[in-house]
Amino acid sequence: MNRIMLLAKIHRATVTEADLHYEGSCGIDEDLLDAANMREFEKIELYNINNGNRFSTYIIKAARGSGIISLNGAAARKAHVGDHLIICTYGSVPDAEVNNHVPKIVLVGDNNSIKEIKKI
């Protein structure tokens, strides 16, 4: 049996851009993607800390070191520039590996810079 487990989380990312007329997706600074072991075109779940909206889309790369977190298309209606998000990926983990599974947790600070990478 497998369980769906948290693989990675970027915590308290600040929305820097929202473009309703762009093809849908979420742009994320490549430095954050690397730190969280997330990949372009991977499905993500997003949780808006400011208004409680929860939604999903997929990742596109934003420029490395830019601090960009952009919501595009329909996702742009779910948050405003300046809102804080939790961005998560989940995946299937075999039961035999669940007890040793450790998700990547990336805490961000000002300008979406990496503040800390935690191990739970």
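Residues numbered from 1 in each chain as written. Predicted model: local features only at pLDDT ≥ 70, side-chain atom pairs only at ≥ 80, totals over all residues. Heavy atoms only, no water.

Let us now look at the overall build of the protein. Scanning the protein from N- to C-terminus turns up two helices and nine strands. Starting at the N terminus and walking to the C terminus, you meet the elements of the protein as β-β-β-α-β-β-β-β-α-β-β. A compact globule built from 120 residues would reach a C-alpha radius of gyration of about 14 Å, and the protein, at 14 Å, matches this within 12%. Taking the principal axes of the C-alpha coordinates as reference, the protein spans close to 45 × 25 × 25 Å. Within the protein, buried positions represent 39% of all 120 residues. The long-range fraction of contacts in the protein, counting pairs at least 24 apart against all pairs at least 6 apart in sequence, stands at 77%. Of the roughly 6,800 Å² of accessible surface on the protein, a fraction of 47% belongs to carbon and sulfur atoms. (Helix = DSSP H or I, 4+ residues; strand = E, 2+ residues; numbered from the N terminus. Rg over C-alpha atoms; globule rule 2.2 N^0.38 Å. Buried < 20%, exposed > 50% of the residue type's maximum accessible area, 1.4 Å probe, protein only. Contact = heavy atoms within 4.5 Å. Areas by Shrake-Rupley, 256 points an atom, 1.4 Å probe, with all protein chains shown as cover.)

Backbone geometry at Phe 41 places phi at a positive 75°, although glycine is not the residue there. One can find Phe 41 in the loop between helix H1 (30–36) and strand S4 (43–48). Positioned with a positive phi, Asn 111 is a non-glycine residue whose angle comes to about 55°. Position of Asn 111 relative to the elements: it lies in the loop between strand S8 (104–108) and strand S9 (114–119).

The biggest cluster of nonpolar side chains holds 23 residues, and the ones touching the most others in it are Ile 10, Ile 28, Leu 71 and Ile 87. Those elements that place two or more of their residues in this core are strand S1 (2–14), strand S3 (25–29), H1, S4, strand S5 (54–62), strand S6 (69–72), strand S7 (84–94) and S8. Residue contributions to this core peak at four residues, all from H1. Residues within four places of Ile 10 in sequence aside, it is in contact with Ile 28, Leu 32, Ala 36, Met 38, Leu 85, Ile 86, Ile 87, Val 106 and Val 108. (Core = buried A, V, L, I, M, F, W, Y, C linked by side-chain atoms within 4.5 Å.)

Sheet architecture is open: nine strands sit in the order S2-S6-S3-S5-S4-S7-S1-S8-S9, paired in mixed fashion. One side of each edge strand has no neighbouring strand; the edge strands of this open sheet are strand S2 (17–19) and S9. When the angles between neighbouring strand axes are averaged without regard to direction, this sheet yields 30°. Where S8 lies against S9, five bridges are found, and the strand directions are antiparallel. Each bridged residue has a counterpart across the sheet, and for Leu 107 the counterpart in S9 is Glu 116. (Pairing = 2+ DSSP bridges. Axes fitted to C-alpha atoms, helices over the stretch in contact; angles between N-to-C directions.)

Turning next to the pairing of S1. Regular strands place their side chains on alternate faces of the sheet. The pairing of S1 with S7 spans 11 bridges and is antiparallel. Bridge pairing links Met 5 to Gly 91 in S7. Sheet topology places S1 next to S8; four bridges connect them, and they run parallel. Each bridged residue has a counterpart across the sheet, and for Lys 9 the counterpart in S8 is Ile 105.

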